[in-house]
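What follows is each chain in one-letter form.
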Amino acid sequence: MSNRKTAFVSGAGGFIGSHLVKHLKHEGYWVRGADLKYPEFSATAADDFHIGDLRDQTFCRQMLDRHFDEVYQLAADMGGAGYIFTGDHDADVMHNSASINLNLVELCRMQKVGRMFYSSSACMYPAYNQQDPDNPKCSEDSAYPAEPDSEYGWEKLFSERLYLSYHRNHGLEVRIARYHNIFGPEGTWAGGREKAPAAICRKVAEAPDHGEIEIWGDGKQTRSFLYIDECIHGTRKLMASGFTGPVNIGSEEMVTIDQLVQMVAVIAGKHLTIKHISGPTGVRGRNSDNKLIRERLAWAPSLRLQDGLEKTYQWIDQQVRSRNEAVKEA
Ligand code: NAD
């Protein structure tokens, strides 16, 4: 391990964390991961993986008992609209994620880690700039005056400020990304924490041809979605750069939720009717603004949504088939 770069990934059992660990291993890093759970869909690629609760300072001290070249803080109490917009999880979301960030940033300072990455979210942008589905404003400098539409977004904003304070007062090298709706294979696709692309792929996979699927809201709300490989690529580029951020890591290919459903239905080769029902939907419009990332990293995501959706649908369709077979056998 002596000549190899070392990384600690918190949230390594989650969607983005497990992909990031694979990528770092591929690049030759020695990687320690920690999470409440192992990755759900494939074995972890980490050299050293620990199950534990990062709200607990003792566990965090064990994880950061040595110097690391890089730390990636991806652990958070999070989920899709059905988890963060109902209000039922607000206290948990704020307490759990803030505790993790407070614990880890202080230990990273003490261990003098080389560089620390923090995964913030587009959910921190003010709701008042995202009321027009055709013209949402999500440039990095539009964050204040703050008015996120969820406690999840408020906690992200608080933690961004926490990391920036450590950077100013203690010289901790931090890199902050604001991720916009990341999707792809091996992401949560059922159970209540899944996000729109996975939920839609699952509903389409479960529906019979000429069937009907239910969609929350009127389907006219807009979003952009970033494929996991580009998220990891952007994260690594930011870490390697001299730019602290915060910077958007997201796609600029904005679609309505109805358009997203149509794209998935075409991929699946099904004719489906959409039934709009009431449900938590969040802001009316959101899109990444990639001016800053282009300027500072000379790079921006470019993969077409269609290409990422094809890979994701294929994987979720397989999950649905395997689940149905398991139910039949039981
Ligand atoms: P995820 O839920 O799949 O991963 C988060 C992981 O953190 C989970 O595996 C969870 O078990 C772990 N975790 C939660 N509480 C913990 C605790 N107390 N101790 C140890 N581990 C704990 O989510 P993800 O999609 O991989 O997101 C990773 C990060 O990126 C999160 O911080 C999230 O807020 C941020 N983000 C994600 C998206 C997205 O679209 N996926 C968008 C914006 C920001």
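Look above for the structure.
Calculation rules
- Residues numbered from 1 in each chain as written.
- Predicted model: local features only at pLDDT ≥ 70, side-chain atom pairs only at ≥ 80, totals over all residues.
- Heavy atoms only, no water.
- Near = heavy atom within 4 Å.
- Polar contact = N/O pair within 3.5 Å; in protein donor to acceptor, adjacent residues only side chain to side chain.
- Areas by Shrake-Rupley, 256 points an atom, 1.4 Å probe, with all protein chains shown as cover.
- Helix = DSSP H or I, 4+ residues; strand = E, 2+ residues; numbered from the N terminus.
- Pairing = 2+ DSSP bridges.
- Axes fitted to C-alpha atoms, helices over the stretch in contact; angles between N-to-C directions.
- Contact = heavy atoms within 4.5 Å.
- Buried < 20%, exposed > 50% of the residue type's maximum accessible area, 1.4 Å probe, protein only.
- Parallel < 35°, antiparallel > 145°, perpendicular 65-115°, else oblique.
- Left-handed = near helix turned anticlockwise from the far one by under 90°.
- Nonpolar A, V, L, I, M, F, W, Y, C, P; charged D, E, K, R; others polar.

Enquirer: Please explain the site of the ligand as it appears in this structure.
Expert: Around the ligand, a shell composed of 26 residues is seen, among which I16, D35, Y152, I182 and K195 lie nearest. The separation between an oxygen atom of the ligand and a polar side-chain atom of S119 is 3.1 Å. When the ligand sits alone it has 820 Å² of accessible area, and the protein chains cover 93% of it. Elements with a contribution of two residues or more to the shell around the ligand: α1 (15-26), β5 (115-121) and α5 (151-170).

Enquirer: Explain the sheet that holds β5 here, please?
Expert: Note: strands within a sheet are paired through backbone hydrogen bonds, in either parallel or antiparallel orientation. With respect to topology, seven strands assemble into an open sheet ordered β3-β2-β1-β4-β5-β6-β11, the strand pairing being parallel. Edge positions in the sheet fall to β3 (48-51) and β11 (247-249), since each of these pairs with one other strand and no more. On average, each strand axis in the sheet is inclined to that of its neighbour by 20°, with strand direction left out of account. Sheet strands touched by α1: β1 (6-10), β2 (30-35), β4 (70-73) and β6 (174-179). Its angle to β1, the strand with the most contacts, is close to 170°. Sitting on the sheet, α5 is in contact with β4, β5 and β6, with an inclination near 155° to β5.

Enquirer: What is the right way to read helix α6 (residues 196-206) from this model?
Expert: In an α-helix, one turn spans 3.6 residues; hence positions three or four apart end up facing the same way. Most of α6 is tucked away, with eight of its 11 residues classed as buried. Among the residues of α6, P197, A198, A199, I200, C201, R202, V204 and A205 are the ones counted as buried. Those residues of α6 that are buried are in contact with β7 (182-183), β8 (212-216), α8 (257-268) and α10 (305-329).

Enquirer: I keep staring at the packing of α6 against α10 and nothing clicks. Help me out?
Expert: Axes are the key here: two packed helices are described by the angle between their axes and the distance separating the axes. Running from N to C, α6 and α10 point in directions that differ by 55°, and their axes come no closer than 9 Å. Relative to α10, the element α6 is oriented oblique. As α6 packs across α10, the resulting crossing turns out to be right-handed. Of α10, the residues touching α6 (which contributes A198, C201, R202, V204, A205 and E206) are T312, Y313, I316, D317, V320 and R323. Classifying every residue of the contact of α6 with α10 gives seven nonpolar, one polar and four charged.

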